[in-house]
Amino acid sequence: METWEELPGVSLVPTNSKAPQEKMSAQDSCLSLIKYLLFVFNLFFFVLGSLIFCFGIWILIDKTSFVSFVGLSFMPLQIWSKALAISGILTMGLALLGCVGALKEFRCLLGLYFGTLLLLFATQITLGILISTQKVQLERKVENVVLKTIQTYRAHPEETAAEESWDYVQFQLRCCGWNSPQDWFRIPSLRSNESRGHRVPCSCYNSSATNDSAIFDKIFPQFSGLGQLARPRHNADICLVPANSYIYREGCARSLQKWLHNNLISIVGICLGVGLLELSFMTLSIFLCRNLDHVYDRLARYR
């Protein structure tokens with residue numbers, strides 16, 4: 001039931017209209033739901049980013065504890081720690097924009113949050129297109145980088161991050177060299193007057209082909225369990241095994257292709273999931289940002 005009042009010089013207007021208020025209330029409830037959804041999801045990612053950041057700092061500060069916990073000792077920990085720390089900071093910063101912008105209803109922060117997500121999404125799409133269209137050129141560049149790493153293997157003891165990374169790849173993919181183990185035969189740092197035959201790094205050693213269970217002593221920097229099989233050069237930082245022993249005979253190029261083929265569905269699924277999540281956050285943030293002014297105008301009009 002509406003009541004009317006007469007204003008001077010103005011026709012009769014309703015003083016109690018339920019329809020606009022009900023419409024305003026429904027839209028306000030919808031926007032509140034979107035606001036808190038954005039806040040909760042971004043709060044989760046903020047906590048996740050902080051955990052990633054702390055994990056990276058832990059690796060950087062206390063490498064010994066991390067090595068004993070994970071069991072991997074020849075990975076380039078400094079690179080991983082910095083990558084994790086930077087990823088954590090970026091995740092925390094982006095999530096903080098979404099949390100504060102949604103909770104406080106700041107249009108500028110919501111717009112910045114949307115723009116950052118849009119830039120990230122566009123970068124991912126661009127990388128995907130480049131990888132699919134420049135596949136041959138990318139494979140050649142990767143091959144050149146790997147072969148250069150093999151040719152300069154432990155030639156500079158102070159710069160071993162790339163070599164340690166490649167050792168880890170060979171150990172995980174169960175391969176040796178890029179095309180075949182022969183890629184190691186022409187490396188000057190692996191030759192010696194005392195050596196008979198060719199030698200390859202211990203990351204090429206196929207411990208599953210033997211009954212020796214001391215796998216970490218063979219593969220990782222300690223290399224104490226190889227006995228006469230391993231002959232460190234200069235110091236214990238390098239471990240070599242004869243090429244005619246139990247080593248992986250397949251090159252890592254083929255092993256990498258097999259790994260990508262076997263995990264293609266998982267990789268595509270993860271990429272699609274991340275993309276859909278980013279699109280959802282962008283849609284919610286821009287919808288909330290565009291409708292805040294309308295809500296404020298209606299509140300002022302019917303107050």
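Residues numbered from 1 in each chain as written. Predicted model: local features only at pLDDT ≥ 70, side-chain atom pairs only at ≥ 80, totals over all residues. Heavy atoms only, no water.

**Q** How should I be thinking about helix α5 (residues 135–151) in this particular structure?
**A** Compared with the 24 Å implied by 1.5 Å per residue over 17 residues, the 24 Å span of α5 between its first and last C-alpha is a close match. Taken together, the buried positions of α5 are Val146, Thr149 and Ile150. Seen along its axis, α5 keeps its buried residues to an arc of 100°; they face one direction. Set apart from the buried face of α5 by more than 90 degrees, the exposed residues are Arg140, Lys141, Asn144, Val145, Lys148 and Gln151. Buried residues along α5 sit in contact with α6 (161–173). (Helix = DSSP H or I, 4+ residues; strand = E, 2+ residues; numbered from the N terminus. Expected span 1.5 Å × (residues − 1). Buried < 20%, exposed > 50% of the residue type's maximum accessible area, 1.4 Å probe, protein only. Arc of directions from axis to C-beta. Contact = heavy atoms within 4.5 Å.)

**Q** Looking at this structure, how should I read the pattern of salt bridges?
**A** In a structure, side chains of opposite charge can pair up when their charged atoms sit close to one another. Inspection of the entire model under this criterion finds three salt bridges. We note a salt bridge from Arg254 to Glu250, for which the minimum N-O separation is 3.4 Å. By relative accessible area, Glu250 is classed as partly exposed at 25%. Here Lys258 makes a salt bridge to Glu250, at a shortest N to O gap of 3.0 Å. Judged by its relative accessible area of 40%, Lys258 falls in the partly exposed class. Taken together, the shared-partner salt bridges connect Glu250, Arg254 and Lys258 into one network. (Salt bridge = Lys/Arg side-chain N within 4 Å of Asp/Glu carboxyl O.)

**Q** How should the confidence of the model for the chain be read in this particular structure?
**A** Where the model shows low pLDDT, its predicted coordinates should not be examined in detail. Scored by pLDDT, the chain comes out at a mean of 75, with 69% of its residues at no less than 70. Every residue in residues 9–13 is under pLDDT 50, and counting partners more than four places away or in other chains gives seven contacts. In the model, residues 218–236 has pLDDT below 50 throughout and makes 50 contacts with residues more than four positions away in sequence or in other chains. (pLDDT = per-residue confidence, 0-100.)

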